[in-house]
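What follows is each chain in one-letter form.
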Amino acid sequence: MALEQLSDVVQRCQALSDDSYTPEDHDVFSVSGRTCIEEGNSAQVLSLVLDEKNQDMVRCMGWTLLPPLIQVLLKKRDEKPSPCLAIFSHLLQTCRPKELLIGLLEQLEHEDPDTIAESLHLLLNPLQKVLLCLGSRKASSLGMTLSSVLDQLAKLPLPHTKEQEEDDVFSLCRCCTDLMAFVKPFVHETRQNLLSSENTNKKAGEQGGGRAAEDELQTELLKFSMKTLSHPLLELQLRDPDTLAVSPLRDFATEILNTLRAIGESVSSLVFQPLLKRKQVLGFLEEEVRYPKESLASLAHLVFVHHLAADSFPSVFSSVFCLRCNMEHVCLLLSRTEESRIQKGLELYEKSLVRLEDGSLPADLLQIKTFLTVPQNLVKVMTMCPQHDLRTRGLKVLQLSIDKFDTEAKYNFFQYMLKTSRHSGVEGYIIKNIKVQIDAALQPGNSNVWFEGSQLLPLLRKVLSLPDGPETDLLQYLDRVMESLNLLRYLVIRDKVTDNQTGIWTELYKIEDTFLKPLRVGVNMSRAHYERELHDTRATKRGKAKEESVISVSVGSEKLPNMTSDSQIQALHSALHTFDMIESVLVRIEELTAGKENL
């Protein structure tokens, strides 16, 4: 039935010009043609499509056969050439490019990853041919196509292991390879246009219209490159050649950077964009839309961590300048919550720091906002990130950054961190670093004005204090309190009263009033509170010996999950042991200082 309807409409249209076809003719041809293909009569459809007398009609209506053809081809990718493939090829040669483009793009939309990969593999080459037929009018169509392709690419799962990339289990590698083959002629055309423009600058006024078209093509390729840097490249974990010799994803990243260079973008200027003023290009997108910050951060990671495009990167930039630029990118990446971005931020920061000598960064850099914001972001990573490896790496990078500051910068940095971190563990870590710097300053020949004498005292006052006086929650602030006590014990042992290099002995009476006495009061208050809690819990347990009671308890300011009486008793014993530990160090300090203040 459908074949007869198709034959009838084809025969009727042979005698008409293409502008005489009625809407009914279009509908009958489309519906009957699709039905024939779906029912397996594609050989008869091929015969009609190839008939010379039907070419006007095929040129006008043939694109409507694309949906069933593509569905059949997607299902039979492994079979020998079929009539459907022959019909498809003939339609690409005969139909009008704009209609073909619409029909092909409609068939790109899928949700299933396997179908997405097969669809891209099948349709990218035909889409390329259609776009090339559009001549100078193709820029907006290319942009629409690339946007659709990247939207589909974003639906594919990412490989997380070396084996997944080697086996291309999600077909992402093949799709990325196909995509770069797709854009290649358009990149080449843009490159040729740029070279031609450079050679004919004197005639630019005469070629205004042509130049606008070239700029549009360049802009679409730039948008594509920027979007690709954000996804998938920012989310992928690329592997270096020594880990994976042949990596399609690393090759894809390299080709994106090559594309940027080919369309007239300087990789170094893009990486250093936060500090280098770029030319204003009239008629283009706003700068932050044209060069998205996340894409530039991804680019910096590719350059400095994976050393891509290193051959085009000038070596005149100092390591400090590179760090200053990369701090903008690091700040952005570490402010995100996605683990892939945090990891890349840590990697980029680490790679930027290892290029520097220890003690080489001056204090002036701490006047730059990012040099203060990045440590705050690091603290969030170290204390809040659910991934243990990232927390550990965050601490490693924090220490590396401390090592690169000179003594004045370290001093100012420690002041800032004690003021802003609001986390006992981080404050304890900073105090431990302060002890290291004081110890270094007290070594023969290493004297410096920042970690001894009068300059050190303001920092010590910050360290040797309790956030809330005697009411300070000692369990919550345990790390800070213990490191403060350890520092004070070290100072009274290491710095003799007669030398007083650190000024600790002239400051000791103030420290006793502002730190040691309030701490002892706090320990006594806390011990009394927890001993009472322990007594009450034991009494409750004895009163309900036959049933296992479930109790809610708070340790510090944190409310713990419901626990049994035995568990609560164990937690309270642990707290009391902590207070004993604090008191033992307090007693030792009192022993060391007894009588020495009057010497």
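A quick note: this is a predicted structure, and the numbers were derived from the prediction, not measured.

> Explain the nonpolar core here, please?
When a protein is soluble and globular, its nonpolar side chains tend to lie buried together. Residues Phe182, Ile438, Leu485, Leu519 and Ile582 are the most contacted members of the largest nonpolar core, which totals 179 residues. Setting aside residues up to four positions removed in sequence, Leu519 forms contacts with Leu466, Leu474, Val481, Leu485, Ile582 and Leu586.

> Whenever I open this one, the packing of aromatic side chains confuses me. Can you help?
Each pair of aromatic rings is reported with the distance of its centres and the angle of its planes. Applying the stated criterion across every chain, the model contains 10 aromatic pairs. Both rings, one in Phe414 and one in Phe451, keep their centres 6.1 Å apart while their planes meet at 65°; by these two values the pair is edge-to-face. Of the two residues, Phe414 is situated in helix α21 (residues 407–420) and Phe451 in the loop between α22 (424–441) and α23 (457–463); the sequence distance between them amounts to 37 residues. In terms of burial, Phe414 and Phe451 fall into one category: buried.

> Explain the pattern of salt bridges to me, please; I cannot follow it from the model alone.
Enumeration over the complete set of coordinates arrives at 26 salt bridges. Measuring nitrogen to oxygen at the nearest pair gives 2.9 Å for the salt bridge that ties Arg59 to Asp56. Remark: Asp56 and Arg59 occur in helix α4 (residues 55–61); sequence separation between them is three residues, near one turn of the helix. Between Asp580 and Arg527 there is a salt bridge whose closest N-O contact spans 3.1 Å. One end of the pair, Asp580, is in helix α26 (residues 565–593); the other, Arg527, is in helix α25 (residues 504–543), and 53 residues separate them in sequence. When its relative accessible area of 13% is taken as the criterion, Arg527 is described as buried. The network of salt bridges with common partners includes Arg520, Arg527, Asp580, Glu583 and Glu590.

> Would you take a moment to explain the packing of helix α8 (residues 113–132) against helix α9 (residues 139–153) for this structure?
Relative orientation and spacing of two packed helices are given, respectively, by the angle between their axes and the distance between those axes. At a minimum axis distance of 11 Å, the contact between α8 and α9 shows a crossing angle of 170°. With respect to α9, the axis of α8 lies roughly antiparallel. Touching Ile116, Leu120, Leu124, Leu127 and Leu131 of α8 are Ser141, Leu142, Thr145, Val149, Gln152 and Leu153, all from α9. Taken together, the residues that form the contact of α8 with α9 break down as eight nonpolar, three polar and no charged.

> Before we go on, may I ask you to explain the side chain of Gln415 in this structure?
In this fold, Gln415 is placed in helix α21. Ignoring any residue separated from it by four or fewer positions in sequence, one finds Gln415 in contact with Pro458, Leu459 and Lys462.

> Which parts of the structure should I look at to understand the confidence of the model for the chain?
Should pLDDT be low for a region, the predicted coordinates there are not to be read in detail. The predicted model of the chain averages 88 in pLDDT, with 90% of residues at 70 or higher. Per-residue pLDDT stays below 50 along residues 207–214; that stretch engages in six contacts with residues further than four places along the chain or on separate chains. Contacts for the low-pLDDT stretch residues 279–284, under 50 throughout, to residues beyond four places or in other chains number three contacts.

Parameters at a glance
- Residues numbered from 1 in each chain as written.
- Predicted model: local features only at pLDDT ≥ 70, side-chain atom pairs only at ≥ 80, totals over all residues.
- Heavy atoms only, no water.
- Core = buried A, V, L, I, M, F, W, Y, C linked by side-chain atoms within 4.5 Å.
- Buried < 20%, exposed > 50% of the residue type's maximum accessible area, 1.4 Å probe, protein only.
- Contact = heavy atoms within 4.5 Å.
- Phe/Tyr/Trp six-rings, centres within 6.5 Å; stacked < 30°, edge-to-face > 60°.
- Helix = DSSP H or I, 4+ residues; strand = E, 2+ residues; numbered from the N terminus.
- Salt bridge = Lys/Arg side-chain N within 4 Å of Asp/Glu carboxyl O.
- Axes fitted to C-alpha atoms, helices over the stretch in contact; angles between N-to-C directions.
- Parallel < 35°, antiparallel > 145°, perpendicular 65-115°, else oblique.
- Nonpolar A, V, L, I, M, F, W, Y, C, P; charged D, E, K, R; others polar.
- pLDDT = per-residue confidence, 0-100.

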